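Listed below are the residues making up each chain.
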Amino acid sequence: MDTIEIRKPDDFHLHLRRSELLRKVLPHTVNQFARGLIMPNTRPGPIITNEHVDNYRNEICSVLTKDQLAEFSPLMTIQITQETTPEIINKAEQARAIAAKIYPQGVTTNSENGVVDFRGLYPVFETMQELDMVLSLHGESPQEMVPGLEKEKTFLHTLRMIARDFPKLRIVLEHITTEDAVKCVLELPETVAATITVHHLFLTLDDVIGYSKDSKGLMQSHNFCKPIAKTVYDRAALRKVATSGNPKFFFGSDSAPHLKGSKECASVCAGVFTAPVALPLLCQMFEYLGHLEDRLEPFVSEFGAKFYRLPLNSERICCVKKEWIVPQEYDGIVPFMAGQKIYWQVET
Ligand code: NCD
Ligand code: ZN
């Protein structure tokens, strides 16, 4: 098969940043996706009030042309900090934030204001459950004593606790990287789902720290993100469940652009800029796994929308099997797989 036409997809985990960076990265998403769930960990300040939600949505929309506005909708989120109150959540819901995101403190980019005490947020979860607002979790333990590679597995205790204590709260465990997370989400009720990125379907830890054949012994800072890619067994579990047709698992790119200087330096920012290659690489992976025709469309265009109780997109998009080399950079930002050959592209 050399072409595939599917319902236009959604990206349920997207970092768009602000100002100049927003202007640079947004077109790459608009070309492929009808909606994006916009992450709130922005700089200089995070999105933590209803005013922030409104301002950020307005900023995103002001960058879109009239035609783009008809084709793309930002779905807004608010960040939950230890100081978030039920009242803040109520107002955010009125400002049409459809999810509230928790970053455990210190685990990733811009998470200094993150959460340590999850039980302390129970009144907030209670309100979200009543309002039917989705809780979005960066699933890594904030405890310093938990080693980095164990952080996702350890966080699953917290996930189980919240799911048990708030049986009607819809929860998304974001960008899962381990077989343990897959198993846990499979075991938990229908209210708990997970996003899977495209880079975690391709990478293992060895592709980050320079042990894979492709990395030629060199550290690959552009593959560095949180949670970091894990083992081949973990990746196999992600590939299997992403192509299994289970509606609890859907696409969220976690496309997280950083300027080249912040990725090629001593203190490297976590985040992989996947937006320009997301759908082509998904076509490639689903084809490789023998599920391009039957399982790609539900994974990118249906399961997420259904979980978030949004209408399915009616527009369609076509991808063609045609090789191209990913550019070394887009306007000062190095994309995932820069300089490498990809076998599919979006037809424009
Ligand atoms: C994200 C970022 O750069 O904002 N980085 C990342 O490594 N994924 C934050 C996040 O989602 O963890
Ligand atoms: Zn993210």
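No experiment lies behind these values; they were computed from the predicted model shown. (Residues numbered from 1 in each chain as written. Chains lettered and ligands numbered in written order. Predicted model: local features only at pLDDT ≥ 70, side-chain atom pairs only at ≥ 80, totals over all residues. Heavy atoms only, no water.)

1. Looking at the packing of aromatic side chains
If you walk through the whole model with that rule in mind, you get 13 aromatic pairs. Between the aromatic rings of Phe-250 and Tyr-308, the centroid separation amounts to 6.3 Å while the plane-to-plane angle is 75 degrees, which identifies the pairing as edge-to-face. Separated by 58 residues along the polypeptide, Phe-250 in strand β9 (residues 249-251) and Tyr-308 in the loop between α13 (292-307) and β10 (316-325) bring together distant segments of the chain. Comparing Phe-250 with Tyr-308, the two get one shared label, buried. In textbook terms, an aromatic cluster arises when at least three aromatic residues are bridged by ring pairs, as seen for Phe-12, Phe-250, Phe-307 and Tyr-308. It is Arg-170 that lies over the ring of Phe-307; its NZ or CZ is 6.0 Å from the centre. (Phe/Tyr/Trp six-rings, centres within 6.5 Å; stacked < 30°, edge-to-face > 60°. Helix = DSSP H or I, 4+ residues; strand = E, 2+ residues; numbered from the N terminus. Buried < 20%, exposed > 50% of the residue type's maximum accessible area, 1.4 Å probe, protein only. Lys NZ or Arg CZ within 6 Å of the ring centre and 35° of its normal.)

2. Focus: the coordination of the zinc ion (ligand 2)
Protein coordination at the zinc ion (ligand 2) comes from His-13 (NE2), His-15 (NE2) and Asp-254 (OD), with a distance range of 2.0 Å. What the 4 donor atoms of the zinc ion (ligand 2) show is an angle range of 92 to 139 degrees at the metal, which sorts the shape as irregular. Mapped onto the polypeptide sequence, the residues donating to the zinc ion (ligand 2) form the spacing pattern H-x1-H-x238-D. Note that His-13 is positioned in strand β2 (residues 10-14) and Asp-254 in the loop between β9 and α11 (260-263), a separation of 241 residues in sequence. With relative accessibility at 0%, the residue His-13 sits in the buried group. Look at Asp-254 and you get buried, because its relative accessible area is 5%. (Donors = N, O, S within 2.8 Å, 3.2 Å for Na, K, Ca; no water. Tetrahedral: all angles 85-135°; square planar, octahedral: opposite > 155°, others 65-115°.)

Remember that the coordinates give geometry; whether it matters functionally is a separate question.
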